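Residues per chain, in single letters:
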Amino acid sequence: MRKNWWKILCVILLSWTFIAGLMVPMRPGVTSVTPYSAKVGDTIWLKADGYNTNWGGATKGKAWLHIDEFFKVEKAGKKMDSLNVFAIQSIDFKAINDQEVEFKFVIPQHLPLATKLENASLLVSVEGAEQALRPEAIAITQDSINAYRGKTFWNSKLDIHRQWHFEYPYRNILQETLRNTFFHVPMWFVMFTLFTIAIYHGIQYLRFRRRESDIKAVSFTQGGVLFGFLGLFTGGLWANYAWGQPFPLDIKIIMTYTALAIYLAYFILRGAFDDVEKKARISAVYSIFAFATLIPLLYVVPKLAPDSLHPGNGSNIAFGSQDLDNTMRLVFYPASLGWILLGVWIVTLVYRYKIIEEKLEMKMNG
Amino acid sequence: MKKVIFLIITLFLAFTNHLKAQTGSGDFMRNIGMIYVVIGVIIIIFIGIIAFLINLDRKLTKLENQIKENE
């Protein structure tokens with residue numbers, strides 16, 4: 001029991017992953033806004049469709065259109081202070097039901113910036129409900145530019161009060177699939193960890209020529225490939241709904257195919273030799289090269305590429321405040337550790353099987 | 001074995017059809033903020049790991065039989 005403490009830890013962490021990963025609710029959000037565009041000087045009724053919202057029956061409500069980075073506003077919300085951004089406030093409000101609400105806006109004569117088109121984000125604040133954000137909700141166009149006058153119009157103060165709840169952030173397009181962060185992403189962490197341990201044992205084999213080291217290296221590589229494919233297929237399902245295509249020609253996905261193909265070749269190489277000693281030696285050397293290509297393929301090339309759909313690659317930022325908020329961190333880090341422990345656990349079973357198989361063969365061959 | 005797999009697939013399809021009828025939406029997976037995509041991802045991981053373990057189980061049974069024959 002004392003020796004197996006990490007298995008117990010694995011079960012606890014994965015239980016937490018499934019319970020918290022599936023049961024913690026999403027923060028209210030705005031799924032769509034109509035109309036999509038407006039001209040300066042227009043008076044519009046802006047209709048917002050909500051997700052997880054309880055707007056029905058509300059009598060008081062305010063909304064702001066603001067021209068600024070969406071994440072800056074969301075981050076400031078946790079500190080409950082008011083922000084200085086270019087914003088206008090709604091002049092009328094109408095709650096239709098729990099999911100639909102309308103705001104009347106008078107768009108001023110000029111934009112505060114010297115551009116013909118500017119995207120404005122929407123901040124919805126209905127009494128008795130959590131505030132909801134919609135980044136780049138509406139495109140506002142103007143013909144004549146007068147940023148100085150525009151600044152005098154867009155001077156409303158945002159009144160942000162978003163307390164920290166134990167809730168996941170609402171993200172457009174992703175919606176509930178944000179929870180896949182606890183299932184799809186750790187698969188790659190497991191794969192990478194298992195391959196790292198495999199290369200360690202490969203090197204140990206080359207140094208000391210112990211049979212166990214070779215068997216360990218094979219078992220860990222097998223486990224790594226298993227989790228690599230799980231990551232690939234879970235990603236395929238997720239991408240089908242979030243990006244519109246199961247396996248888009250994204251740089252990270254192409255590099256993953258290459259990396260997995262290299263590791264599959266490892267098993268073909270092993271199958272090609274009958275001599276146990278030779279098989280172990282050559283596959284250990286091969287695995288060093290495979291691992292040496294794995295790092296640039298998965299972690300360097302996608303970062304250097306001009307663009308990628310994956311966060312943290314191309315010009316995207318990952319694992320900053322934008323992708324993981326504090327609630328997600330509380331689940332994501334335990335989930336990663338839990339999945340890694342599960343991967344190691346499965347590999348130990350394979351290793352124990354292979355050891356018995358080897359001993360039996362040796363006994364039968366005399 | 002084939003019959004069992006066929007039965008499971010049929011049951012799964014029947015169940016999803018039932019849910020479709022209940023929600024009244026054409027695209028089942030996109031309902032409720034696409035929560036079923038998360039369920040699908042968990043099912044893929046589950047099936048992958050279980051298939052791996054079943055394979056290992058079979059190989060172990062073979063080994064056990066070999067040991068029995070030796071004795």
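Residues numbered from 1 in each chain as written. Chains lettered and ligands numbered in written order. Predicted model: local features only at pLDDT ≥ 70, side-chain atom pairs only at ≥ 80, totals over all residues.

Draft legend 1. A look at the overall build of chain B. A tally of regular secondary structure across chain B gives two helices and zero strands. Burial status across chain B gives 13% buried among its 71 residues. (Helix = DSSP H or I, 4+ residues; strand = E, 2+ residues; numbered from the N terminus. Buried ≥ 20, exposed ≤ 12 C-beta atoms within 10 Å, placed from the backbone.)

Draft legend 2. Fine view of the overall build of chain A. Summing up its helical and strand segments, chain A has eight helices and nine strands in all. In terms of overall size, chain A is more extended than a compact globule, its C-alpha atoms giving a radius of gyration of 27 Å where 366 residues would be expected to give roughly 21 Å. Overall size of chain A, expressed as C-alpha extent along the three principal axes, is 90 × 45 × 30 Å. Excluding contacts between residues fewer than 6 apart, the proportion of contacts in chain A whose partners are at least 24 apart in sequence is 75%. (Rg over C-alpha atoms; globule rule 2.2 N^0.38 Å. Contact = placed C-beta atoms within 7 Å.)

Draft legend 3. Examining the sheet that holds strand β8 (residues 117–126) of chain A more closely. All names here are of chain A. One open sheet accounts for five strands, arranged β2-β9-β8-β4-β5; its pairing is mixed. The open sheet has two edge strands with one neighbour each: β2 (37–39) and β5 (86–89). Taken over all neighbouring pairs, the strand axes of this sheet differ in orientation by 35° on average, direction set aside. (Pairing = 2+ DSSP bridges. Axes fitted to C-alpha atoms, helices over the stretch in contact; angles between N-to-C directions.)

Draft legend 4. Quick look at the interface of chain A and chain B. With 24 residues of chain A at the interface, the matching set in chain B holds 21 residues. When contributions to the side of chain A that touches chain B are tallied by element, the ones reaching two or more residues are α5 (211–242) and α8 (326–364) of chain A. Among the elements that make up the side of chain A that touches chain B, the one with the highest residue count is α5 of chain A (eight residues). Tallied by class, the residues present in the side of chain A that touches chain B amount to 16 nonpolar, five polar and three charged. (Nonpolar A, V, L, I, M, F, W, Y, C, P; charged D, E, K, R; others polar.)

Draft legend 5. Structural view of unusual backbone geometry. All names here are of chain A. Geometrically, the link from T34 to P35 is a cis peptide bond, its omega value of -5° lying close to zero. Mapped onto the elements, P35 comes out in the loop between β1 (29–34) and β2. Positive phi outside glycine occurs at I173, with the angle close to 70°. When you line up the elements, I173 lands in the loop between α3 (147–153) and α4 (184–208).

Draft legend 6. Structural detail: the sheet that holds strand β3 (residues 43–51) of chain A. Residue and element names in this part refer to chain A. On the basis of which strands lie adjacent, the open sheet formed by four strands has the order β1-β3-β7-β6 and antiparallel pairing. Each edge of the open sheet carries a strand with a single partner, namely β1 and β6 (92–95). For this sheet, the mean inter-axis angle between neighbouring strands, taken without regard to orientation, is 25°. Strand direction decides the pairing type here: β6 and strand β7 (residues 100–106), joined by four bridges, are antiparallel. Residue pairing in the sheet places D92 in a bridge with K104 of β7.

Draft legend 7. Representation of the nonpolar core. Counting 62 residues, the largest nonpolar core has M191, L194 and F195 of chain A together with V37 and V41 of chain B as its most contacted members. The set of elements that each furnish at least two residues to this core consists of α1 (5–23), α4, α5, α6 (251–271), α7 (276–304) and α8 of chain A together with α2 (35–70) of chain B. Not counting residues up to four positions away in its chain, the partners in contact with V37 of chain B are T177, L237, W238 and Y241 of chain A together with M29 of chain B. In terms of nonpolar packing, the next biggest core, distinct from the first, is built from 33 residues, L65, I88, V124 and I140 of chain A among them. (Core = buried A, V, L, I, M, F, W, Y, C linked by C-beta atoms within 7 Å.)

Draft legend 8. Representation of α4 of chain A in the model. The end-to-end C-alpha distance of α4 of chain A, which contains 25 residues, comes to 37 Å, matching closely the 36 Å that a straight helix rising 1.5 Å per residue would cover. Of the residues flanking the end of α4 of chain A, it is R209 of chain A, one or two places downstream, whose phi is positive at about 55°. (Expected span 1.5 Å × (residues − 1).)

Draft legend 9. Inspection of α5 of chain A at higher detail. Between the first and last C-alpha of α5 of chain A there are 46 Å, a value that for 32 residues agrees with the 46 Å anticipated at 1.5 Å per step. In terms of residue burial, α5 of chain A counts as a mostly covered element, since 24 of its 32 residues are buried.

Draft legend 10. Fine view of the packing of α5 of chain A against α7 of chain A. Residues and elements named next belong to chain A. In contact at an axis separation of 10 Å, α5 and α7 are set at 50° when each is read in the N-to-C sense. Judged on the interaxial angle alone, α7 and α5 are oblique. α5 and α7 meet at a crossing whose hand is left-handed. Here D214, A217 and T221 of α5 lie close against α7, whose contacting residues are A280, A284 and S287. When the residues that make up the contact of α5 with α7 are grouped by side-chain class, the tally is three nonpolar, two polar and one charged. (Parallel < 35°, antiparallel > 145°, perpendicular 65-115°, else oblique. Left-handed = near helix turned anticlockwise from the far one by under 90°.)

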